[in-house]
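Residue-level listing of the chains:
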Amino acid sequence: MQQLIRFATDYIGYVLKGGTRFYAWMGSLAALIVCMLYVFYLQNTEGLIVTGMTSQIHDGLYFANLVFLVGVAAGAVTIVFPAYVYHHEGMHKVSVLGEMLAITAVIMVMVFVFAHMGRPDRLWHMIPPWGIYSFSAMLGWDVLVLNGYLFLNFICGFYYLWCKYTGNPINKKWFIPLVYVAIVWALSIHTVTAFLIATMPSRPMWHHSMMPIRFICTAFAAGPALIILIFMIIRKNTKFWIDDSAIKLLSTIVTWCLGLAIFLTLSEVVVELYARTEHANGLFYLMFGLHGLTGLVPWFWTAVILMVGAFILFLTPSVRNNMKLLPIPCGMAFVGIWIEKGMGLIVPGFIPSPIGEVTEYYPTFVEWLMTAGIWAFGFFILTILLKGAIGILLGDIKCGSTAAAAK
Amino acid sequence: MTTAQPPSLDSQQPPCTAQPASANPDQCGSCTPPQTTRRGFLKAGGMLSLSSLMGTAALMTQSDDAHAAAEWAEHFQKNYRLMTDEEKNEARLRLEKRYSAEYGKAVSVDTTGPQAGVLMGYALNIRKCIGCRRCVHACVAENNQSRGTRPGEKIEWIQVLRMERGKFEQEKMDHGYPEGLGIQVGGNAYTPAGQVLEGQFHYNPPAVPEKDATYMPIACMQCEKPPCVKVCPVRTTYREGDGPVVIDYNWCIGCRMCMGACPYWARRINLTTPVLPKAEMNPVTHYLGNRPRMRGVVEKCHWCLQRTRQGRYPACVEVCPVGARKFGNLLDPESEVSKILARKNIFRLKAELNTFPKFFYFYD
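Residues numbered from 1 in each chain as written. Chains lettered and ligands numbered in written order. Predicted model: local features only at pLDDT ≥ 70, side-chain atom pairs only at ≥ 80, totals over all residues.

Enquirer: I would appreciate a short explanation of the interface of chain A and chain B in the present structure.
Expert: A common way to state how big an interface is: give the accessible area lost once the parts meet. Each partner contributes to the interface: chain A provides 35 residues, whereas chain B provides 46 residues. Taken together, the residues of the side of chain A that touches chain B break down into 16 nonpolar, 13 polar and six charged. (Contact = placed C-beta atoms within 7 Å. Nonpolar A, V, L, I, M, F, W, Y, C, P; charged D, E, K, R; others polar.)

Enquirer: Please clarify how unusual backbone geometry should be interpreted in this entry.
Expert: Residues other than glycine predominantly adopt negative phi, and peptide bonds predominantly adopt the trans conformation. Omega for the peptide link from Ile-351 of chain A to Pro-352 of chain A comes to -5°, which places this bond in the cis form. Along the chain, the position of Pro-352 of chain A falls in the loop between helix 14 (343-346) and helix 15 (365-394). The peptide bond linking Val-208 of chain B to Pro-209 of chain B adopts the cis configuration, its omega dihedral lying at -5°. Considering the arrangement of structural elements, one finds Pro-209 of chain B in the loop between strand 5 (186-187) and strand 6 (213-218). Residues other than glycine seldom take positive phi values, yet Asn-144 of chain B does so here, at roughly 55°. Mapped onto the fold, Asn-144 of chain B is located in the loop between helix 6 (134-142) and strand 3 (159-164). Of note in the backbone geometry, Arg-256 of chain B takes a positive phi value of approximately 70° without being a glycine. With respect to the helices, strands and loops of the structure, Arg-256 of chain B is situated in the loop between strand 8 (245-247) and helix 8 (257-261). By the C-beta count within 10 Å, which is 24 here, Arg-256 of chain B ends up buried. (Helix = DSSP H or I, 4+ residues; strand = E, 2+ residues; numbered from the N terminus. Buried ≥ 20, exposed ≤ 12 C-beta atoms within 10 Å, placed from the backbone.)

Enquirer: Please clarify how the packing of helix 1 (residues 2-16) of chain A against helix 15 of chain A should be interpreted in this entry.
Expert: In a pair of packed helices, the angle between the axes and the distance between the axes together describe the arrangement. Residue and element names in this part refer to chain A. Interaxial distance between helix 1 and helix 15 falls to 9 Å at its minimum, and their mutual angle equals 110°. Put simply, helix 1 runs roughly perpendicular to helix 15. Of the two elements, helix 1 crosses helix 15, and the hand of that crossing is right-handed. Between helix 1, through Tyr-11, Tyr-14 and Val-15, and helix 15, the contact on the second element is made entirely by Ile-384, Lys-387, Gly-388 and Gly-391. In terms of residue class, the contact of helix 1 with helix 15 is built from four nonpolar, two polar and one charged. (Axes fitted to C-alpha atoms, helices over the stretch in contact; angles between N-to-C directions. Parallel < 35°, antiparallel > 145°, perpendicular 65-115°, else oblique. Left-handed = near helix turned anticlockwise from the far one by under 90°.)

Enquirer: Honestly, the packing of helix 5 (residues 89-116) of chain A against helix 15 of chain A in this entry has me stumped. Any pointers?
Expert: Residues and elements named next belong to chain A. Helix 15 packs onto helix 5 with a crossing angle of 155° between their chain directions and a minimal axis gap of 9 Å. One finds that helix 5 runs roughly antiparallel with respect to helix 15. For the element pair helix 5 and helix 15, the recorded crossing hand is right-handed. Each of Val-96, Leu-97, Met-100, Leu-101, Ile-103, Thr-104, Ile-107, Met-108, Val-111, Phe-112 and Ala-115 in helix 5 lies in contact with helix 15, whose residues at this interface are Met-370, Ile-374, Phe-377, Gly-378, Ile-381, Leu-382, Leu-385, Leu-386 and Ala-389. For the contact of helix 5 with helix 15, the class distribution of residues is 18 nonpolar, two polar and no charged.

See below:
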């Protein structure tokens, strides 16, 4: 117990130490978080009327980010899987960083859920024994698997760090099985999120069985793309060295998952637009506009250009093998998928409405501020988690000699 | 216009859940719920939730004690379906008190349950509908919908879709696509003719019916297999024993999954506190029906439970000037609706989705 307290104090002490740049970074994030809290207050006094959502288009930017971030959380498995199943040396060293990213992404998802809800004060209605848990509701399952994933990653990640800190060997008897469970669980969170929207025949744009695999593909492209970017930043700013082999494997994963994602999108376009039933109206609105309304057309084509462009760059050896250029396609893939899977998937699901009404959705400033604030909150947590984890991996945070003697 | 009692409902036994018949809050003044408040508070006391913080805030800031205490207790009440009769009664009295204070008139909140032997059904004669939208306005007035002017503040449960009749034209015979080459893979000789669900409900002609249009009213279909109920994560919306799908507004978390799942766009979200002028508020309400809603919850048509469980017709049926709307007991072979189902050509909207609506369209 004493050791645990010492771990916590050492960890916090290490994280708090930092230069001006660190504090400027955290300070600006904190400012955005304060803005987020203000608009959250606004949403819960004025109501969701301060957002651009309506009864026609009632899921917007928040839901889009939620779906995307579940993918980022699941994407962390692209580190853990090669590390533990294929025993990839470079990946094994950094697998705990992937777990930290997963923890952060799941927390962000939960904050987006809060932002999305009309009555966040009643969230406890979902939680037994006070509330009711509905097994028939996909949203109930989503909450369950997300919390499970958070728990698994928290245990695996911090147990690993704890062992590094104390110098004790890892108890593989339960740790390794738990890691395997977490790997499968990662697939489950995104599959259930896909089911969440794919199980509604009322929304033909989403109602197809391709949705889960498309979600997984885009997640395993966007997730590792973000991880590569983070690794680059870590390599540049800390003493912690991440092997080229790890980054190369990740970029290979991004490339092929991105390729599959593009293929699936093209398949959908052909299948839907060839027959051109009323069920294709959502996709048609997204690509070309409908009844003169074209709000999402620029979004869609931007996403296409970014994704296809990133794919081509990833396939070009001079870009792929150049660590200075690699962040460019990674950034493009990340933003492209954010659009394609967020605004480009959620919003056109509501256009036209089930009774044929074509309306548009424009996120308000409040929504942008909330979204920026939640992302800032995510980066805030991620910075703390990664800094602490790296400190432990480097041996900067270590069980002191006094504690070792006491033991 | 008919004011007659629906025979189907009339012939049934009295409500099976015995509740104090009324609802005058002045009479019930003595049965205030301080006990409940305390009990509810203790029950949920261990839980650090936002609701408790907000409740405290309400207690501290609101000068109106009754109002604050009622709201405070409302935060901790159970899902309506799981309440005992006693708890339902407490919740009812609490609401009556709060609404009466808020709207300055005696508001009653009915908690009459489903009646034995009744399964409500609805039939609409689309040949007769003239698109006057009196049903829409009667519904708004009866069911205390939000009447604001800002976008998102105005809520209507019934939509009357205007469908263009459309026609085929001789001059367009040679038009086709690709354009300019004559008919290649398809022609363009038609204008929208009877395309289902490409309608428009924001129409405003000087007079109805219009020559070139037909009308198709839509509201909640009260499905036997409602997709909205399936997706609700907190079971706040459910099918009542006598058929209608209802919502416990006090339990709804505003996640809007039900709105996404509804194939008939029957549900609306209260984006803000509903705009309901005191003078226009209908004080005869039902707990699962037309009682005033709050910010952030979903609402929809419930076939006027406050009326139909007392043997009256829904407001839209009563107001329809052409008698296109019929309502009654599906289990009673002598009811108007049963006779329509037995004798007329009927169809259900989007039948391919297997939602089994209890709302039927028919024509003579």
